[in-house]
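Residues per chain are reported as follows:
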Amino acid sequence: MVLLAIGGVAQAQTGTQTAASDSWQINLKEADIGAFISQVADITGKSFVIDPRVKGKVNVLSSEPMNKDGVYELFLSVLQVQGFVAVPAGDVTLIVQQNDVKQQGRDLDESVQVDSQELLTKVIMIKNTPALDLVPILRPLVAKYGHLAGVKSANALIISDHANNIFRIEQIIDRLDRSGSEELEVIQLKEAWVGNVVTMLQNLDPAKVSQGNAAGANENTAGSIRVVADERSNRLIIKGEKSARERIRKLIEDLDQPSYFTGSARVMRLQYADAKKLAELLNGLLSDAPAGDKDNQAKGKAGIHADEELNALVVRAEPSLMKEIEELVSALDVRRAQVLIESAIVEVTGDISDALGFQWFSGDLDQPVGGTSFSNAGPSLSSIAGSIVSGNPSAALGSGLTLGGYSESNGQPEFGLIMQALSTNTNTNLLSTPSIMTLDNQEAEIIVGQNVPFLTGSTASSTNTNPFTTIQRQDVGITLKVKPHIHDGTAIRLEVEAKAESVAQTTVAGSADLITNKRSLKTMILADNEETIVLGGLIRDDMREVESKVPLLGDIPLLGWLFKSKSVTQVKSNLMVFLRPTIVNNSGVSRDVTTEKFNGIWEFTVSDKIGNSNDTTVTDLFKGLPVTR
């Protein structure tokens, strides 16, 4: 055993050393602190760096011998009493004043004994309680020269103090935090609805009962509890301390009692949706629920009826199912966008006919010796002769140019020659611009035309004393059917069916039946908003050439024209269909479209659209709006 005794400035060391281990018993009285630090350095083998301000006298009295670690702990305690601290810094230990300890410190990962007097800095993570709430509680427990701060983002505490004091503070934090006391619990309700139960619990004590993470409730209050309603399965999920959960569970059991009234009724007035269609949709949706679905069975049945006069739904259902129906109605009862469909059906027809022929005769009119007679270039020679004989020669003149001459003998025509020439040019420009507005996903149809009677049957008067004729009326004109589908608010998919019908000028030979011309188009297209596109077109070119001649003689060059007549007829038609959709998704766009169309009534002139067919462009069809190519 080694006995160390230091008195005043004098130092003396006496004692014996055992074979098993070294131990020291220290007794000091008014010893210089510098000499004491030097002796501890010799015993522990540590290197100390002493601040010049470290001065003073120390008194130490030990009754039992201590080993090397015990001497060092005694040394740390003496320094603390004197207002100094030992701070490890790598291979040396700094001896500084306690007030400077915040700027000094050891490695955070270096471990020390829990009952050590060494000074260290430690980061303590808090699990449940907000770290900032613990700072004012723990600050008095930290040494004046120590440090305590809270980090809100990490929910942690930073403490600088002696190791044994930090260990004590950690025990206090563990009791305050109570990480294992707040648990989750699920309560299945049998009779009551979770929405009503949560509302009642909040009304009873809003400071301690919060729904989910409601900002209005203080979750850190003693006995506070959080309640979440699982409406799908009619269950309550509660989180809090055990005593608070037991109190809330008992209250929930008292509230979960059968009701005297089953379900509740409500009238839901609709703004945009059709009550009858929506009622059919909801009844079909609720009836499609699987028979074994316990969640739907817990919600009960619902009765949904439509009041068409008020455009409202009358619903009777359990509260949980009522809420689900309200959410569905709210999602379905929305303003639907409309689409203005403007179309232009343009048909340009050109008919060109050229005819040239010669006719002659020899002999008198009563006994002609020879001649030619053709009817494809004008009236035939026989009809002309008949008109002359009847004394009305002007009736024999046909269309075009007719030149003729004859010679007489004894007052009777002896030879005659007639030349006929005709050229006709007929142009027709038929323009129809039907337009219609309809809802999104709703088919619309517009017909502009006539209701024409068609003969379907009749009886002759000779075989029936009560003759009759049966007819059937059909619409003949421009028909446009469109069903729009808006995609992403800009693109529109259109199901289009367009027909252009007209009554032909000719009829079926030998009857009064009418012949109709028909152009139809049926397609599905994709267009952008306010984009003008062409749906399709039909170009037809018909040429008909009729030549009448005398065999062999009509083939003679130049001279053969005296023995033939020729007519050429060429008909060209061009049918094009244009269409432009415009999305009308609010009242402002609707007003603009209406104003534009109304003003267009006064600006429209027939001569601009029909009189100058060669100058008509697609832009003219949709006046005032650009064409997208």
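Heads up: these notes are all about the structure in this document. Everything numeric here is computed off the predicted structure, so don't read it as measured data.

**With respect to the overall build of the protein chain**
Within the protein chain one finds 13 helices and 28 strands. Taking all 629 residues of the protein chain together, the buried fraction comes to 33%. Put simply, of all contacts in the protein chain between residues at least 6 apart along the chain, 62% involve residues at least 24 apart. Put simply, the protein chain shows about 37500 Å² of open surface, and 52% of that area lies on carbon and sulfur atoms.

**Here we look at unusual backbone geometry**
Positive phi outside glycine occurs at Asn311, with the angle close to 50°. Considering the arrangement of structural elements, one finds Asn311 in the loop between β16 (303-307) and β17 (312-317). Even without being a glycine, Asn441 presents a positive backbone phi close to 65°. Locating Asn441 in the fold gives a position in the loop between β22 (435-439) and β23 (444-458). Take Asn441: its relative accessible area is 41%, and that puts it in the partly exposed class.

**Regarding the pairing of strand β14 (residues 235-240)**
Where burial is concerned, the two faces of β14 differ: the one with Leu236, Ile238 and Gly240 is buried and the one with Arg235, Ile237 and Lys239 is not. As paired elements, strand β11 (residues 183-188) and β14 share 6 bridges and run antiparallel to each other. Within β14, the position partnered with Leu184 by the bridge is Lys239. Counted between consecutive antiparallel strands, the loop separating strand β13 (residues 225-230) from β14 contains 4 residues, among which Asn234 sits at a positive phi close to 55°.

**Some thoughts on the sheet that holds β16**
Across the sheet, which stays open at both edges, the 3 strands sit in the order β15-β17-β16 with antiparallel pairing between neighbours. If you trace the sheet from one side to the other, it starts and ends with β15 (264-269) and β16, each paired once. Taken pair by pair, the neighbouring strands of this sheet meet at an average axis angle of 20°, ignoring direction. In this structure, β16 lies alongside β17, joined through 5 bridges in antiparallel fashion. Note on β17: the bridge partner recorded for Ile304 is Val315. Docked against the sheet, helix α7 (residues 275-287) engages β16 and β17, running at close to 170° with respect to β16.

**Considering the environment of Ala337**
Within the secondary structure, Ala337 sits in the loop between α9 (319-332) and β18 (338-363). Distance from Ala337 to Val584, taken between C-alpha atoms, is 6.0 Å for residues 247 residues apart in sequence. Excluding anything up to four places from it in sequence, Ala337 contacts Leu439, Asp440, Ile486, Val584 and Asn585.

**Some points on helix α2 (residues 68-82)**
The first and last C-alpha atoms of α2 sit 21 Å apart over 15 residues, in line with the 21 Å expected at 1.5 Å per residue. Listed as buried for α2 are Val71, Tyr72, Phe75, Leu76, Val78 and Leu79. Viewed end-on, α2 has its buried residues packed into an arc of 160°, placing them on one side of the element. When the buried face of α2 is taken as reference, the exposed residues oriented beyond 90 degrees from it are Asp69 and Val81. Each element contacted by the buried residues of α2 is listed here: β3 (24-32), α1 (33-44), β4 (48-50), β5 (57-61), β6 (84-89) and β7 (92-97). Of the residues that open α2, the one with a side-chain oxygen 3.3 Å from the backbone nitrogen of Asp69 is Asn67. Gly83 sits one or two residues past α2 and shows a positive phi near 90°.

**A short note on the packing of aromatic side chains**
With the rule as written, the count across this model stands at 3 aromatic pairs. Taking 5.7 Å as the distance between ring centres and 55° as the angle between the ring planes, the aromatic pair formed by Phe36 and Phe75 counts as tilted. Highlighted residues: Phe36 in helix α1 and Phe75 in helix α2, separated in sequence by 39 residues. Each of the two residues, Phe36 as well as Phe75, counts as buried. By way of ring pairs, the aromatic residues Phe36, Phe48, Tyr72 and Phe75 are connected into one cluster. Directly above the ring of Tyr72 sits Lys46, whose terminal nitrogen or CZ lies 4.8 Å from the centroid.

**A short note on the nonpolar core**
Residues Ile341, Leu480, Leu494, Val496, Leu535 and Leu579 are the most contacted members of the largest nonpolar core, which totals 25 residues. For this core, the elements supplying multiple residues, two or more each, are β18, β23, β24 (469-487), β25 (491-507), β26 (514-528), β27 (533-549) and β28 (564-584). Here this core takes 5 residues from β25, the largest share from any one element. Among residues more than four places away in sequence, those in contact with Leu480 are Ile341, Ser343, Pro434, Ala444, Glu445, Ile446, Val496, Glu497 and Ala498.

**Re the pattern of salt bridges**
By the definition in use, this model includes 9 salt bridges. Between Asp230 and Arg235 there is a salt bridge, and its shortest N-O distance comes to 3.3 Å. A residue is classified by how much of its surface remains accessible, and Asp230, at 18% relative accessible area, is buried. The exposure class of Arg235 is partly exposed, given its relative accessible area of 29%. Across the salt bridge formed by Arg580 and Glu342, the nearest N and O atoms sit 2.7 Å from each other. Of this pair, Arg580 sits in strand β28 while Glu342 sits in strand β18, placing them 238 residues apart in sequence. In this pair, the class of Arg580 matches that of Glu342, namely buried. Residues joined by salt bridges that share partners form a network here, namely Glu185, Arg245 and Arg249.

**Considering a negative patch on the surface**
On the surface, a cluster of negative charge is made up of Asp274, Glu280, Glu308 and Glu309. Looking at the secondary structure, you find Glu280 in helix α7.

**Focus on the sheet that holds strand β10 (residues 156-162)**
Strand order in this open sheet of 3 strands is β8-β10-β9, and the pairing throughout is antiparallel. At either end of the open sheet lies a strand with only one pairing partner, and these are β8 (119-125) and β9 (147-151). Ignoring strand direction, the axes of neighbouring strands in this sheet form an average angle of 15°. One ladder, built from 7 bridges, connects β8 with β10; its direction is antiparallel. Its bridge partner lying in β10, Leu119 is registered against His162. Packed onto the sheet, helix α4 (residues 163-177) meets β8 and β10 and runs at close to 145° relative to β10.

Criteria and cut-off values
- Residues numbered from 1 in each chain as written.
- Predicted model: local features only at pLDDT ≥ 70, side-chain atom pairs only at ≥ 80, totals over all residues.
- Heavy atoms only, no water.
- Helix = DSSP H or I, 4+ residues; strand = E, 2+ residues; numbered from the N terminus.
- Buried < 20%, exposed > 50% of the residue type's maximum accessible area, 1.4 Å probe, protein only.
- Contact = heavy atoms within 4.5 Å.
- Areas by Shrake-Rupley, 256 points an atom, 1.4 Å probe, with all protein chains shown as cover.
- Pairing = 2+ DSSP bridges.
- Axes fitted to C-alpha atoms, helices over the stretch in contact; angles between N-to-C directions.
- Expected span 1.5 Å × (residues − 1).
- Arc of directions from axis to C-beta.
- Polar contact = N/O pair within 3.5 Å; in protein donor to acceptor, adjacent residues only side chain to side chain.
- Phe/Tyr/Trp six-rings, centres within 6.5 Å; stacked < 30°, edge-to-face > 60°.
- Lys NZ or Arg CZ within 6 Å of the ring centre and 35° of its normal.
- Core = buried A, V, L, I, M, F, W, Y, C linked by side-chain atoms within 4.5 Å.
- Salt bridge = Lys/Arg side-chain N within 4 Å of Asp/Glu carboxyl O.
- Patch = residues over 30% accessible without salt bridge, like charges linked within 9 Å, V, L, I, M, F, W, Y side chains within 5 Å.
- Lys, Arg positive; Asp, Glu negative; His and termini not counted.
- Charge placed at Lys NZ, Arg CZ, Asp CG, Glu CD.

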